[in-house]
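So you can see what is in the structure, the chains are spelled out below.
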Amino acid sequence: MKLTALGGLTPLTNWSPHLPTTSGKNNKPVVISTWNHGIPANEEAWNILSRKGTALDAVEAGVRIPEADPEVRTVGYGGYPDRDGFVTLDACIMDEKEQCGSVAALQHIKHPISVARKVIEESPHVMLVGEGALQFALDQGFEKENLLTEASRKDWEEWKEDADYQPEINIENHDTIGMLALDSHGNLSGACTTSGAAWKMHGRVGDSPLIGAGLFVDNEVGAAAATGLGEEVIRTCGSHLVVENMRRGDDPETACKKAVQRIVEKNESVNNIQVGFIAVNKQGQFGGYSIQQGFNFAVCESDNNRLIDAPSWVS
Ligand code: SD4
C-alpha cells in the first residue's frame, strides 16, 4: 500500500466499523440509494416493495423521481449540460437474473432508466448509445423533450466565461442516483442514472451506465452502485469489485471501503477525487463508504426512511 504518497490519509488498519452506517440484521425488503435525493426516490420505491412488488420495479420507479425533478441538477431533466450545451444522460438497470440494460449519451429523453429497462425487454442487446439509443427510445414510444432548463442554461453560459473543467467533489450534496433494493421475495436489483460530470466533453460517458462500474448485481451475493468521478470507478470496475469483496465474505461497508482503498492506492493523490459506493447483501445488510467526507445515502426499511453519512477514507 503506497501510504507514503497518501500523507494524511487513514490506513485501513486504523479503521473500525461503526454503526449506524451499516445494518447487521436480516432485513427485507430494504432499499438504499445515493445522496439526499435518495429520500424521495426511496419513498417511491418503498411503495412498491412494501406491497410485495419486485426490486426491479422498485428501483426503476424510485430513480424516476430525481430524473423528473428539475431541481436535481445532476440527474435527468434539468441536469447540467456538457461543455457544448447538450444534456446527455447515462443510465443502467440490472435485475436478479443478471439481466441488464443500459443507455449512454442519450439526449432528449427524461427517463433514461426506463429506456434502459426497455433495452432488456425489447432488444437483444445490453447497451445502446447516442443517436441509436434515442432512435430506440422514440421507437418505444418515449417522448422527445428539451431537457435543458433555463437554470442549467444560465449556469452553462456562466461556466463558458472561463470554460474551466474541474470536476466538483460533491455537487450540492446530490449527484448521480444509484439505487439498490432487496424485495420481499429475496431478490436484488439495482438502477443508476445521471447527467454525468457537468461540462464534460461531448460524447464523454462515465461509469454510471457501465455494468460493473456504476452498478453491479449478483443475486447470490449482493449489489453495489457508485457515484463520484466516473473515470476512477471505471478504471477499477468499482461496483463489481464491491460485490466480489462481499462474495469473499466482507460485510457491505467493508466491501465498499476496500474498493475505495483500491482507488486510493492507484492515485498519487486523492485530494480532488470523490468516489462513493453503496452496497447491500443478500441478507439485506447495507453499507457505504467514500473517499472524501460529504457523501451520504438514504436507507428505507420498515417504513423508516433516513439519511446516513457514509464514513470516509479522508477524515
Ligand atoms: C459520472 N459518476 O458521470 C458520474 C457522476 C457522479 O457524483 O456520480 N457524480 O462520472
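Note that the structure is predicted; figures quoted are calculated from it, not measured.

> Before we go on, may I ask you to explain the nonpolar core in this structure?
Soluble globular proteins tend to bury their nonpolar side chains together. Val 242, Phe 277, Ile 291 and Phe 297 are the most contacted members of the largest nonpolar core, which has 48 residues in total. Among the elements that take part in this core, helix α8 (residues 252-265) stands out by supplying six residues, more than any other. Membership of the second largest hydrophobic core comes to 33 residues, among which are Val 59, Ile 93, Leu 106 and Phe 142.

> How should I be thinking about the sheet that holds strand β10 (residues 286-290) in this particular structure?
By definition, the strands of a sheet pair up through backbone hydrogen bonds, in either a parallel or an antiparallel sense. Strand order in this open sheet of four strands is β7-β8-β9-β10, and the pairing throughout is antiparallel. The sheet is open, and its two borders are formed by β7 (215-218) and β10, each paired with just one other strand. In this sheet, neighbouring strand axes are inclined to one another by 10° on average, regardless of whether the strands run parallel or antiparallel. Relative to strand β9 (residues 275-281), strand β8 (residues 222-228) runs antiparallel, the two sharing seven bridges. Across the sheet, Thr 227 pairs through a bridge with Gly 276, a residue of β9. Where helix α7 (residues 238-247) meets the sheet, it contacts β7, β8 and β9, and its direction lies at approximately 145° from that of β8.

> How do you make sense of a negative patch on the surface when you look at a structure like this?
There is a patch of like negative charges on the surface, built from Glu 158, Glu 161, Asp 162 and Asp 164. For Asp 162, the position within the fold is in helix α5 (residues 150-162).

> What should I look at first to understand the pairing of β8 in this one?
Along a regular strand, successive side chains alternate from one face of the sheet to the other. Here β8 lies mainly inside the structure; six of its seven residues are buried. Two successive antiparallel strands, β7 and β8, enclose a turn made up of three residues.

> Which parts of the structure should I look at to understand α8?
Residues three or four positions apart in an α-helix share a direction because the helix packs 3.6 residues into each turn. Here α8 spans 20 Å end to end across 14 residues, near enough to the 20 Å set by a 1.5 Å rise per residue. Counting buried residues in α8 gives eleven out of 14 residues, a clear majority hidden from the surface. The complete set of buried residues in α8 reads Pro 252, Glu 253, Thr 254, Ala 255, Cys 256, Lys 257, Ala 259, Val 260, Gln 261, Ile 263 and Val 264. Buried residues belonging to α8 abut α6 (230-235), α7, β9 and β10. Its side-chain oxygen placed 3.1 Å from the backbone nitrogen of Glu 253, Asp 251 serves as the N-cap of α8.

> Would you mind going over the sheet that holds strand β1 (residues 30-34) with me for this structure?
Spatially, β4-β3-β2-β6-β5-β1-β11-β12 is the arrangement adopted by the eight strands of the open sheet, whose pairing is mixed. At either margin of the open sheet sits one strand with a lone partner, and together these are β4 (127-129) and β12 (304-309). The sheet shows a mean angle of 10° between the axes of neighbouring strands, taken without regard to direction. Where strand β3 (residues 100-106) and β4 come together, three bridges link them in parallel fashion. The partner of Ser 102 across the bridge, within β4, is Met 127.

> Got a minute to help me understand the site of the ligand in this structure?
The full set of residues close to the ligand is Asp 175, Thr 176, Gly 196, Ala 197, Arg 204, Gly 206, Asp 207, Ser 208, Thr 227, Gly 228 and Gly 230. Side-chain polar atom of Thr 176 to an oxygen atom of the ligand: 2.5 Å apart, as the coordinates give it. In the environment of the ligand, an oxygen atom lies 2.9 Å from a nitrogen or oxygen atom belonging to the backbone of Gly 230. Here the ligand loses 95% of its free accessible area of 290 Å² to cover by the protein chains. Looking at the shell around the ligand residue by residue, the class counts come to one nonpolar, seven polar and three charged.

> Looking at this structure, how should I read the packing of helix α2 (residues 55-68) against helix α3 (residues 112-122)?
Between two packed helices, what matters for the description is the angle formed by their axes and the separation of those axes. Axis separation between α2 and α3 bottoms out at 8 Å; the angle between their running directions is 150°. In terms of their interaxial angle, α2 and α3 are classed as roughly antiparallel. When α2 is examined against α3, the residues Leu 56, Asp 57, Glu 60, Val 63, Arg 64 and Glu 67 are found in contact with a partner set consisting of Pro 112, Ile 113, Ser 114 and Arg 117.

> What exactly am I supposed to notice about the packing of aromatic side chains here?
How two aromatic rings sit relative to each other is given by the distance of their centres and the angle of their planes. Inspection of the entire model under this criterion finds four aromatic pairs. The interplanar angle of 75° and the centroid separation of 5.0 Å between the aromatic rings of Trp 35 and Phe 295 together place this pair among those described as edge-to-face. Remark: Phe 295 occurs in the loop between β10 and β11 (296-301) and Trp 35 occurs in the loop between β1 and α1 (38-49); sequence separation between them is 260 residues. You can call Phe 295 buried: its relative accessible area is 1%. With 5.4 Å between their ring centres and 15° between their planes, Trp 159 and Trp 199 make a pair best called stacked. You can see Trp 159 sitting in helix α5 and its partner Trp 199 sitting in the loop between β6 (188-194) and β7, a full 40 residues away along the chain. By relative accessible area, which is 13% here, Trp 159 ends up buried. With a relative accessible area of 10%, Trp 199 lands in the buried category.

Conventions adopted
- Residues numbered from 1 in each chain as written.
- Predicted model: local features only at pLDDT ≥ 70, side-chain atom pairs only at ≥ 80, totals over all residues.
- Heavy atoms only, no water.
- Core = buried A, V, L, I, M, F, W, Y, C linked by side-chain atoms within 4.5 Å.
- Buried < 20%, exposed > 50% of the residue type's maximum accessible area, 1.4 Å probe, protein only.
- Helix = DSSP H or I, 4+ residues; strand = E, 2+ residues; numbered from the N terminus.
- Pairing = 2+ DSSP bridges.
- Axes fitted to C-alpha atoms, helices over the stretch in contact; angles between N-to-C directions.
- Contact = heavy atoms within 4.5 Å.
- Patch = residues over 30% accessible without salt bridge, like charges linked within 9 Å, V, L, I, M, F, W, Y side chains within 5 Å.
- Areas by Shrake-Rupley, 256 points an atom, 1.4 Å probe, with all protein chains shown as cover.
- Salt bridge = Lys/Arg side-chain N within 4 Å of Asp/Glu carboxyl O.
- Lys, Arg positive; Asp, Glu negative; His and termini not counted.
- Charge placed at Lys NZ, Arg CZ, Asp CG, Glu CD.
- Expected span 1.5 Å × (residues − 1).
- Polar contact = N/O pair within 3.5 Å; in protein donor to acceptor, adjacent residues only side chain to side chain.
- Near = heavy atom within 4 Å.
- Nonpolar A, V, L, I, M, F, W, Y, C, P; charged D, E, K, R; others polar.
- Parallel < 35°, antiparallel > 145°, perpendicular 65-115°, else oblique.
- Phe/Tyr/Trp six-rings, centres within 6.5 Å; stacked < 30°, edge-to-face > 60°.

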